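A structural walkthrough
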Amino acid sequence: MGVNQKQVRVGLIGYKFMGKAHSHAYRDVSFYFDTKAKPVLQAICGRNEEGVKEAAAKMGWQSYETDWRKLIARDDIDLIDIVTPNNSHAEIAIAAAEAGKHVFCEKPLAMTLKQSQRMLEAVEKNGVVHMINHNYRFAPAVQWAKKLIESGRLGRIYHIRATYLQDWIMDPGFPLVWRLSKEVCGSGALGDLAAHSIDLARFLVGEFKEVSGIMETFIKERPIVEDSSGLSGKGSSEHKGSVEVDDASVFLARFENGAIGTFEATRFAGGNRNGNRFEINGEKGSVRWDMENMNNLDVYFHDDEEGNQGFRTINCTEEIHPYAGAYWPAAHIIGYEHTLTNLMVELMDGIDKGYSPLPNFVDGVRNQAILEAVQESALTKQWVSLADVLEKAKTSVKS
Ligand SMILES: NC(=O)c1ccc[n+]([C@@H]2O[C@H](COP(=O)([O-])OP(=O)(O)OC[C@H]3O[C@@H](n4cnc5c(N)ncnc54)[C@H](O)[C@@H]3O)[C@@H](O)[C@H]2O)c1
């Protein structure tokens with residue numbers, strides 16, 4: 001422990017896909033960055049004792065629990081990190097806040113807008129630090145896009161074109177994992193994938209005004225799942241269950257600042273494994289980014305000299321690019337896990353100084369409102385305004 005470095009004793013709930021990603025970020029953040037607060041991998045929690053014990057040993061956690069309530073009750077835990085499926089986020093986050101623990105939660109924040117609002121109220125009432133894991137904001141190339149937009153290099157923003165394309169459930173024999181169960185995840189590609197695009201759009205372009213969407217489920221029945229982790233699963237071919245969430249969601253959006261956007265989230269875009277991409281066009285230039293090539297940002301400026309105009313690729317690995325200087329010399333690239341490490345720098349700063357860094361539960365609630373508006377629009381075949389959705393849910397969140 002460095003001199004004057006505050007210890008943040010973490011209790012992590014869930015130990016598979018995101019459990020591994022968050023564990024890695026806690027281990028690495030104070031290795032690469034000079035944080036005032038340093039995470040201590042105090043305890044990890046999962047329901048299967050053998051599994052969680054093995055995960056604790058492998059990922060470097062000092063102890064484990066099999067019941068999240070016991071973890072929250074421990075007085076040697078400062079921060080509760082929730083990396084369980086979506087239907088458990090609210091109950092755990094509210095209990096953690098009421099116990100006076102800081103809360104870091106995976107996206108989407110909740111199952112519904114109302115539930116997300118209750119989570120926000122709980123963290124605010126109890127005065128704890130809160131954050132949501134929209135990690136893609138923290139790719140240095142995305143941060144650079146933000147700087148270009150904020151400094152006016154693109155001028156007025158006209159368009160965002162965002163896609164999040166995957167293909168891991170195209171096989172009709174792929175089982176009904178929790179990501180395909182409405183009662184566990186709330187929605188399918190929408191809450192899982194478009195939630196990230198919505199966050200990037202709010203971060204880079206601004207607040208949404210209204211949306212118009214369609215949602216589709218191509219494969220309506222799948223084998224019941226036997227075992228699953230992250231994006232993989234095993235199922236029995238004999239018994240089938242119905243799929244009640246969207247395989248694909250597509251929507252149009254108007255922003256409060258006059259920009260317009262198109263969004264497409266699908267798990268049926270063959271050949272696209274994690275195609276989280278956006279292009280933003282402004283009056284003076286454009287930027288485009290692709291998670292599968294995440295160190296790079298393509299930029300185009302209208303004031304480049306005639307004859308030499310066109311998109312050029314910036315490898316965002318120089319000292320000047322946010323977070324990049326903490327790692328390697330220029331062009332010695334970083335990866336997916338570093339987006340979480342970079343976010344952790346902000347979370348540790350928030351806990352050290354006593355504020356909730358962005359994106360926090362306010363962003364989680366606004367994101368949830370947009371997800372809900374798209375669902376309502378798909379159902380009613382009408383445009384749905386965010387103001388109406390927030391008014392209906394009587395939100396206390398200010399825009
Ligand atoms: N930010 C991102 O890039 C990103 C990527 C993947 C998943 N996620 C989000 O992370 C969350 C978890 O997804 P995942 O892919 O890690 O799922 P996963 O299936 O790989 O792991 C879920 C974990 O939660 C545990 N769990 C479930 N219910 C529990 C309970 N009641 N008590 C204790 N542990 C419990 C499981 O045992 C497992 O360890 C979801 O909300 C998902 O949307 C975010």
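Residues numbered from 1 in each chain as written. Predicted model: local features only at pLDDT ≥ 70, side-chain atom pairs only at ≥ 80, totals over all residues. Heavy atoms only, no water.

As annotated in UniProt, the feature "domain: GFO/IDH/MocA-like oxidoreductase" (unreviewed entry) corresponds to residues 143-288 in the numbering used here. Structurally, residues 143-288 comprises 19% helix and 45% strand, and the distance from its first C-alpha atom to its last is 12 Å. (UniProt positions renumbered as here; feature names shortened; annotations may be inferred. Helix = DSSP H or I, 4+ residues; strand = E, 2+ residues; numbered from the N terminus.)

The next point concerns the nonpolar core. Formed by 115 residues in total, the largest nonpolar core has its most connected members in Phe208, Phe278, Ile280, Trp289 and Leu297. With 10 residues, helix 8 (residues 189-204) is the single largest residue contributor to this core. If sequence neighbours within four positions are ignored, Trp289 has contacts with Tyr136, Ala139, Ala141, Val142, Leu200, Asn276, Arg277, Phe278, Met294, Asn296 and Leu297. Among the nonpolar cores identified, the runner-up in size contains 11 residues, and Ile169, Val177, Leu180 and Val245 belong to it. (Core = buried A, V, L, I, M, F, W, Y, C linked by side-chain atoms within 4.5 Å. Buried < 20%, exposed > 50% of the residue type's maximum accessible area, 1.4 Å probe, protein only. Contact = heavy atoms within 4.5 Å.)

Let us look at the packing of helix 6 (residues 140-150) against helix 8. With their axes 10 Å apart at the nearest point, helix 6 and helix 8 run at an angle of 35° to one another. Mapping the contact onto sequence places Val142, Gln143, Ala145, Lys146 and Ile149 in helix 6 and Leu200, Phe203 and Leu204 in helix 8. (Axes fitted to C-alpha atoms, helices over the stretch in contact; angles between N-to-C directions.)

Right, let's talk about the pairing of strand 8 (residues 208-216) for a bit. Inspection of the sheet shows strand 8 paired to strand 11 (residues 248-255) by 8 bridges, in the antiparallel sense. The partner of Met215 across the bridge, within strand 11, is Ser249. Summarising the sheet, strand 8 and strand 17 (residues 384-385) pair through 2 bridges and their orientation is antiparallel. Residue pairing in the sheet places Val211 in a bridge with Val384 of strand 17. (Pairing = 2+ DSSP bridges.)

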